[in-house]
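Summary of structural features
So the chains spell out like this:
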Amino acid sequence: MRPMKQAIYSSRTADKFVVRLPDGMRERIADVARNHHRSMNSEIIARLEQSMLQEGSLDDDLSMRLDRPELSLHERELLQRFRQLSRRQQNALVALIAHDAELSAEGA
């Protein structure tokens, strides 16, 4: 698997776009975001990215497509769930896995 590029993100430099939501949608998004322990913005971005990935609208250089034949069913599920995490959660999970790998290497 090739390394994924880490985007440099700042709320000051990020593109901004105003969206008019139908009645009740803001509350539904807020509930879902809270259940996923994310901000509403992170929830919306994750869902847009997931939708665009499934359509093939995002460039393959930006992220690995879920429908690549070399990915097993478990790898696809893991990748999809990983993409639904906030950036902070993704970084924490990667750090935890790296730490666990170091401990396993020391014990071997």
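Computed from a predicted model, the values in this text were never measured in an experiment.

**Some thoughts on the pattern of salt bridges**
Tallied over the full model, the rule gives 4 salt bridges. When the shortest N-O distance is used, the salt bridge between R34 and D31 registers 2.5 Å. Residue R34 and its partner D31 are located together in helix α1 (residues 25-35), separated by 3 residues, close to a single helical turn. Taking relative accessible area as the criterion, D31 reaches 40% and is therefore assigned partly exposed. Residue E77 is joined to R81 by a salt bridge in which the shortest nitrogen-to-oxygen separation is 3.1 Å.

**Quick look at the environment of A33**
With respect to the element layout, A33 can be found in helix α1. For the pair A33 and E43, spaced 10 residues apart in sequence, the C-alpha separation works out to 5.5 Å. The residues contacting A33, other than those within four sequence positions of it, are R38, S39, M40 and E43.

**A closer look at unusual backbone geometry**
Note on backbone geometry: most residues besides glycine have negative phi, and most peptide bonds are trans. Phi at H37 is positive, roughly 55°, even though this residue is not glycine. Assignment of secondary structure puts H37 in the loop between α1 and α2 (40-55).

**Quick look at a nonpolar patch on the surface**
Judged by side-chain polarity, I44, I45, L48 and M52 come together as a nonpolar surface patch covering roughly 330 Å² of accessible area. Looking at the element boundaries, I44 is found in helix α2.

Conventions we followed
Per-chain numbering applies: the sequence of each chain, read as written, is numbered from 1 onward. Reporting of local features is limited, given that this is a predicted model, to residues whose pLDDT is at least 70; pairs of side-chain atoms are given and counted only at 80 or more, and all residues count toward the totals for whole chains, interfaces and linings. Heavy atoms throughout the structure, all of them, feed into the side-chain values; hydrogens and water do not. When a carboxyl oxygen of Asp or Glu lies within 4 Å of a side-chain nitrogen of Lys or Arg, that pair is called a salt bridge. Secondary structure is summarised from DSSP: a helix means a run of H or I of at least four residues, a strand means a run of E of at least two, and numbering begins at the N terminus for each. Any residue under 20% of the maximum accessible area for its type is buried, any over 50% is exposed, and the rest in between are partly exposed; the area is computed with a 1.4 Å probe on protein chains only. Two residues form a contact once any of their heavy atoms are found within 4.5 Å. Like charges are joined within 9 Å and nonpolar side chains (Val, Leu, Ile, Met, Phe, Trp, Tyr) within 5 Å, but only among residues with over 30% relative accessible area and no salt bridge; these make up the patches. Only the protein chains shown count as cover for residues, with accessible areas throughout obtained via the Shrake-Rupley method and a probe of 1.4 Å.

Limitation: the analysis is restricted to geometry and does not speak to function.
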